[in-house]
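# Residue-level structure breakdown
Listed below, chain by chain, are the residues.
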Amino acid sequence: MPARPRPTGPRAVAGRLPAAVAVVVAAALALAGCSSGSPSSSSAAATTSPQDSSTPGPSNGATQLQEAYQTVIANVLPSVVQITTGSSLGSGIVYDDKGDIVTNAHVIGSATSFTVTLANSTTTLDAGLVGSYPDSDLAVIRLSNPPSGLRPASFGDSGKVQLGQITLAMGSPLGLSSSVTQGIVSATGRTVSEPQGPGSPGATIGNMVQTSAAINPGNSGGALVNLDSKVIGINTLAATEPQANGAAAPGIGFAIPATTITNIADQLIKQGKVTNSGRAALGITARTSFNQQFQPAGAVIVAVTPGGAAASAGLQAGDVITKIGDTPVDSLNALTTALASLTPGSKVTVTYTRDGGTKTADVTLGELESAQSSP
């Protein structure tokens, strides 16, 4: 699916990398929440009549589920904040009691100062940038004067997330702060490419959690939570339907998994940068290669990092990569997407062309350490 504009919250795709690419899901993606404006509000009066005594009340099971929802909301919603950067608006999650807040990198863009509003509050707080890692679309900001009583969220083990688990998405969709939607985990292990745009280089992110909980502009950076009151992901994008003029595809949203969040956030907080990304890399600079019909036909290596994975396997500048393992590669985005599903240290066969001939090389993948577009 094509990508929609991304608001400071998740959109129907996730957001960055050189060139907007559709994800490994047949749908367009759009960042949900980068530039959501303040919604106008309206109210309508309604009257209700007493329930007929003959009408059965909710079953015990339904009551228990409702109470479980309310307990999760009471436990986690105070940890979800609204972040404003200029005219853009998104969400964030209180990470610790020192005032660190984790959010999407596309929510903050290139800004270094922010306004934060805590849940159920109208008081704004100033915050500054701690660090951003666009390759994984994550960033950490810090409150200048953290108030007492901050409620850090508790992060779960995203490796234990299973299909069908109930999820709640919390954030500020369309500027409606402290909003909650519900759904289930509808898929795991998705690799999604965000659309390229202002403040978003178009990252390709692997192992994302797919949910049917509604995610809208402004939700980006908010929490995807299970019924144990654990954050299992950060709401990042929502799928869009190209044939419907980029309208949101109902019930398809994506969240960066908790394990990735804590790994990146801890490094940004402790050292201001990421040195252990957990993302596989070939150690090359590449671009899309085109054939004589001007159609994408692979990823041509522009430069090879000395001592890197590709150099050690004998790959050279000018080689055109056409396959990673069994996955065809017809562009730089396709190469990045293929690598996003792999891990550093894993071995993979790279198929490439050189001087008109097709060759293969067995490569032990390295690790992507710096925020860059090249794999």
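Above this note sits the structure.
First, a word on what this report is: a plain description of the structure on this page. (Residues numbered from 1 in each chain as written. Predicted model: local features only at pLDDT ≥ 70, side-chain atom pairs only at ≥ 80, totals over all residues. Heavy atoms only, no water.)

## Things to note about the overall build of the protein
For the protein, the count of helices and strands is five helices and 21 strands. Within the protein, counting contacts between residues at least 6 apart in sequence, those at least 24 apart form 67% of the total. Accessible surface computed for the protein: about 16300 Å², of which carbon and sulfur atoms make up 49%. (Helix = DSSP H or I, 4+ residues; strand = E, 2+ residues; numbered from the N terminus. Contact = heavy atoms within 4.5 Å. Areas by Shrake-Rupley, 256 points an atom, 1.4 Å probe, with all protein chains shown as cover.)

## Observations concerning the pattern of salt bridges
Tallied over the entire structure, the rule returns two salt bridges. Linking Asp-100 and Arg-142 is a salt bridge whose minimum nitrogen-to-oxygen distance equals 2.6 Å. With Asp-100 in strand E4 (residues 100–103) and Arg-142 in strand E7 (residues 138–143), this pair connects stretches of sequence that are 42 residues apart. Arg-142 sits in the partly exposed class, given a relative accessible area of 34%. Asp-319 is paired through a salt bridge with Arg-354; the nearest N and O atoms lie 2.8 Å apart. Here Asp-319 is found in the loop between helix H4 (309–312) and strand E17 (320–324), whereas its partner Arg-354 is found in strand E19 (residues 347–354), with 35 residues between them in sequence. (Salt bridge = Lys/Arg side-chain N within 4 Å of Asp/Glu carboxyl O. Buried < 20%, exposed > 50% of the residue type's maximum accessible area, 1.4 Å probe, protein only.)

## Topic: the sheet that holds E7
Within the closed barrel, the six strands sit side by side as E2-E3-E4-E7-E6-E5. Their pairing is antiparallel. Going across the sheet, the axis of each strand differs from the next one's by a mean of 40°, ignoring polarity. Where strand E2 (residues 80–85) meets strand E5 (residues 113–117), three bridges bridge the pair, whose relative direction is antiparallel. Note on E5: the bridge partner recorded for Ile-83 is Val-116. Packed onto the sheet, helix H3 (residues 258–271) meets E4, strand E6 (124–133) and E7 and runs at close to 50° relative to E7. (Pairing = 2+ DSSP bridges. Axes fitted to C-alpha atoms, helices over the stretch in contact; angles between N-to-C directions.)

## Quick look at helix H1 (residues 60–76)
The terminal C-alpha atoms of H1, which comprises 17 residues, lie 24 Å apart, in line with the 24 Å expected from a rise of 1.5 Å per residue. Contacts made by the buried residues of H1 are with E2, strand E8 (166–171), strand E9 (179–193), strand E11 (223–225) and strand E12 (231–241). (Expected span 1.5 Å × (residues − 1).)

## As for H3
For H3, which comprises 14 residues, the first-to-last C-alpha distance of 20 Å matches the rise-based estimate of 20 Å (1.5 Å per residue) to within 8%. By the burial criterion, the buried members of H3 are Ala-258, Ile-261, Ile-264, Ala-265, Gln-267 and Leu-268. Where H3 is buried, its residues touch E4, E6, E7, E12 and strand E13 (247–257). Directly beyond the C-terminal end of H3, a positive phi value near 75° is found at Gly-272.

## Details of the nonpolar core
Grouped together as the largest cluster of nonpolar side chains are 36 residues, with contacts concentrated most on Ile-93, Val-102, Phe-155, Met-170 and Val-231. At five residues, the largest contribution of residues to this core is made by H3. If we skip the residues at most four places from it in the chain, Ile-93 touches Ser-79, Asp-100, Ile-101, Val-102, Ala-153, Phe-155, Gly-221, Gly-222, Ala-223, Val-231 and Ile-234. Ranked by size, the runner-up nonpolar core spans 23 residues in total, among them Ala-286, Ala-309, Leu-315 and Ile-321. (Core = buried A, V, L, I, M, F, W, Y, C linked by side-chain atoms within 4.5 Å.)

## A closer look at the pairing of E17
The side chains of a regular strand alternate, first on one face of the sheet and then on the other. For strand E16 (residues 296–304) and E17, the ladder comprises two bridges, and the chain directions are antiparallel. Along E17, the bridge assignment pairs Ala-299 with Ile-321. Here E17 pairs with E19 via four bridges, running antiparallel. Bridged to Ile-321 within E19 is Tyr-352. Of the pairings in the sheet, the one linking E17 to strand E18 (residues 327–328) comprises two bridges and is antiparallel in character. For Ile-324, the partnering residue across the bridge sits in E18 and is Thr-327.

## Some details on the pairing of E12
Most of E12 sits inside the fold, with 10 of its 11 residues counted as buried. Here E11 runs beside E12; their pairing, made up of three bridges, is antiparallel. Counterpart to Ala-223 in the pairing with E12 is Ile-234. Linking E11 to E12, which pair antiparallel, is a turn of five residues; within it Ser-229 sits at a positive phi near 65°. Across seven bridges, E12 lies against E13 in antiparallel orientation. Residue Ala-238 lies in a different strand from E13, and its bridge partner there is Gly-253.

## Notes on the environment of Ala-297
Note that Ala-297 resides in strand E16. Along the primary structure Ala-297 and Leu-332 are separated by 35 residues, whereas in three dimensions their C-alpha atoms are 9.8 Å apart. With residues near it in sequence (within four places) discarded, Ala-297 still touches Ser-289, Phe-290, Asn-291, Val-320, Thr-322, Val-329 and Asp-330.

Purely geometric stuff here, so don't read any function into it on its own.
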